[in-house]
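Each chain, written out:
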Amino acid sequence: MRPLDFRSDTVTRPTAGMREAMAAAEVGDDVFGEDPSVIALEQRTAELLGKEAALFVPSGTMSNQIGVRLHCGAGDEFLCEVNCHIFNYEQGAYAQLSGVAAFPVEASDGLPRVEQLVSRIRPDDPHLVRTRLLCLENTHNRWGGRVLPYDGVAELCGWARDNGLATHLDGARLFNAVAATGVAAADWAAPFDTVSVCFSKGLGAPVGSAIVGPRELIERRAVRVRKLFGGGMRQAGVIAAGALYALEHHRQRLVDDHRAATAIAEAVRQCEGLSVLGGRAETNIVIFQIDAPPGTNRTMVDALAERGVLAITVGHTSVRLVTHLDVSLDDAVRAGETIKHVWTTIGASATA
Ligand SMILES: *Cc1c(COP(=O)(O)O)cnc(C)c1O
């Protein structure tokens, strides 16, 4: 039997309907701006996010790094939360590609507070980098798919604007925040200058992300940076059609993923010695901490894999499962049962 794959929401295969849309896609050379399927995807994405323009790019890493580059140059710095993807999982690309520094701050829930940041804007002084940008992430991957509180986000972005900082949102899973709250994508995006969204995560497209923002910034500058970073694609309509299909057909069903994640979190909560990050699954990610010697998380992931449930380790003490299009509620219940079963043996020996 094929294992139940909860390693990430990036493991989905295109559905039959999506493959049909991809096969039928009209294409052109998108570096010449002539791919009708890419143009359609960009227009629809911009519209959903309430921004003037969108640019289709190969990955979420590229859309974030274009975002950083649009707002910062060499010798500039951005503020962010210490567990965010841009800071941890993109090889420090802001430094490698753009000569930009990061200033991460700790926040117990993924959202820094104004009081923490006021003293972080550096004064104008030739000894210092220039603080230019605030980056946030919603939903927050490392905080277990947490949805940032809307009012807190709006307040922080308002403060940033008042203090001359640009704002960028890593919204790789922004549509999960929409599904979880009922707050529209355009409302989530409104406080930010630029927003990155991924079609290849919960939405289930095979490839692609987009960066959205003001027309001038996206159509003149972001297009140039995308080419510089090697992201100018030719007949990209084939994949853009898959992304557009995902956008139109897979947003509503994200609540199913959230229900499935909740089932897993409930099972984990029944295990003494395991604790769900944030106490519950807010969206499609479950991260649980293991109260046992570091490395027990690896033993746990291996034992789960032997029983047909794939998960990944996070750090030295946590395990992550992500729900998506290709796993059902029943699969999630089975994963929960498997976690409970495996933990009865591992937990007993690890804490003995
Ligand atoms: C996956 C992810 C990205 C990067 O997307 P890739 O397409 O894998 O480069 C960025 N931010 C967050 C929060 C992510 O989960």
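Computed from a prediction, not measured in an experiment: that's the story for all the values here. (Residues numbered from 1 in each chain as written. Predicted model: local features only at pLDDT ≥ 70, side-chain atom pairs only at ≥ 80, totals over all residues. Heavy atoms only, no water.)

Observations regarding the sheet that holds strand S7 (residues 194-198)
Point 1. Read from one edge to the other, the open sheet built from 7 strands follows the order S2-S8-S7-S6-S5-S3-S4, with strand pairing classed as mixed. Among the strands making up the open sheet, the edge pair consists of strand S2 (53-57) and strand S4 (101-105). Neighbouring strand axes in the sheet, compared pairwise and without regard to direction, differ in orientation by 20° on average.
Point 2. Where S2 meets strand S8 (residues 209-213), 5 bridges bridge the pair, whose relative direction is antiparallel. Bridged to alanine 54 within S8 is valine 212.
Point 3. Helix-sheet contacts for helix H2 (residues 36-49) involve S2, S7 and S8, and the interaxial angle to S2 is about 130°.
Point 4. The strands that helix H10 (residues 215-228) touches are S2, S7 and S8; relative to S2, the one it contacts most, it runs at about 15°. (Pairing = 2+ DSSP bridges. Helix = DSSP H or I, 4+ residues; strand = E, 2+ residues; numbered from the N terminus. Axes fitted to C-alpha atoms, helices over the stretch in contact; angles between N-to-C directions. Contact = heavy atoms within 4.5 Å.)

Some points on helix H14 (residues 329-350)
Point 1. In a regular helix each residue adds 1.5 Å, so 22 residues correspond to 32 Å; H14 covers 30 Å between its end C-alpha atoms and thus fits that length.
Point 2. Along H14, the sharpest kink reaches roughly 35°, centred on tryptophan 343.
Point 3. Every buried residue belonging to H14 is among Asp331, Ala332, Ala335, Gly336, Thr338, Ile339, Val342, Trp343, Ile346 and Gly347, and all of these are buried.
Point 4. Capping the start of H14, serine 328 holds a side-chain oxygen 3.4 Å from the backbone nitrogen of aspartate 330, two or three residues further along. (Expected span 1.5 Å × (residues − 1). Bend = angle between axes of the 7 residues up to and from the residue. Buried < 20%, exposed > 50% of the residue type's maximum accessible area, 1.4 Å probe, protein only. Polar contact = N/O pair within 3.5 Å; in protein donor to acceptor, adjacent residues only side chain to side chain.)

As for the domain arrangement of the protein chain
The figure often quoted for interface size is the accessible area lost as the parts come together.
Point 1. The assigned domain composition of the protein chain is domain 1 (16-249) and domain 2 (253-350).
Point 2. A straight line from the C-alpha centre of domain 1 to that of domain 2 covers 29 Å.
Point 3. Contacts between the two partners involve 17 residues from domain 1 and, on the opposite side, 14 residues from domain 2.
Point 4. With both sides pooled, the region where domain 1 packs onto domain 2 buries about 1300 Å², and carbon together with sulfur makes up 57% of that total.
Point 5. Applying the counting criterion to the domain 1 and domain 2 interface returns 1 salt bridge.
Point 6. Between arginine 146 and glutamate 282 there is a salt bridge; the shortest N-O distance is 3.9 Å.
Point 7. Seen at the junction of domain 1 and domain 2, the total is 4 residue pairs in polar contact (both at pLDDT 80 or more). (Domains from an automatic or database assignment. Buried area = accessible area lost by both parts, 1.4 Å probe. Salt bridge = Lys/Arg side-chain N within 4 Å of Asp/Glu carboxyl O.)

Focus: the side chain of lysine 201
Point 1. The residue lysine 201 is located in the loop between S7 and S8 in this model.
Point 2. Despite being buried, lysine 201 has no salt bridge partner; aspartate 9 is the closest side chain of opposite charge, sitting 5.5 Å away.
Point 3. Setting aside anything within four residues of it in sequence, one finds lysine 201 in contact with Asp9, Thr10, Ala172 and Arg173. (Lys, Arg positive; Asp, Glu negative; His and termini not counted.)

Structural notes on the pattern of salt bridges
Point 1. Inspection of every chain in the model, using the stated rule, returns 21 salt bridges.
Point 2. Of the charged contacts, one joins aspartate 76 and arginine 132 as a salt bridge, the two residues approaching to 3.3 Å between their closest N and O atoms. Separated by 56 residues along the polypeptide, aspartate 76 in strand S3 (residues 76-81) and arginine 132 in strand S5 (residues 130-137) bring together distant segments of the chain.
Point 3. Here aspartate 76 falls in the buried class, since its relative accessible area comes to 2%.
Point 4. Salt bridges linked by common partners bring Arg44, Glu47, Glu248 and Arg251 together as one network.

Here's the deal with the sheet that holds strand S13 (residues 318-322)
Point 1. Pairing within the open sheet is antiparallel, and its 4 strands lie in the order S9-S10-S13-S12. Of all the strands in the sheet, just strand S9 (274-276) and strand S12 (312-314) have a single pairing partner and so form its edges. Ignoring which end each strand starts from, the neighbouring axes of this sheet average 35° apart.

Brief notes about the environment of proline 123
Point 1. When you line up the elements, proline 123 lands in the loop between helix H6 (114-117) and S5.
Point 2. Residues proline 123 and threonine 181, spaced 58 residues apart in sequence, show a C-alpha to C-alpha distance of 38 Å.

Here we look at the pairing of S13
Point 1. Among the 5 residues in S13, 5 count as buried, and that is most of the element.
Point 2. Here S13 shows a buried face lined by Ser318, Arg320 and Val322 and a second buried face lined by Val319 and Leu321.
Point 3. Summarising the sheet, strand S10 (residues 285-290) and S13 pair through 5 bridges and their orientation is antiparallel. Paired with valine 286 across the two strands is leucine 321, which belongs to S13.
Point 4. Where S12 meets S13, 3 bridges bridge the pair, whose relative direction is antiparallel. Its bridge partner being in S13, isoleucine 312 is matched across the sheet by arginine 320.
Point 5. Here S12 folds back onto S13, and the loop between the two strands holds 3 residues, one of which, glycine 315, carries a positive phi near 60°.

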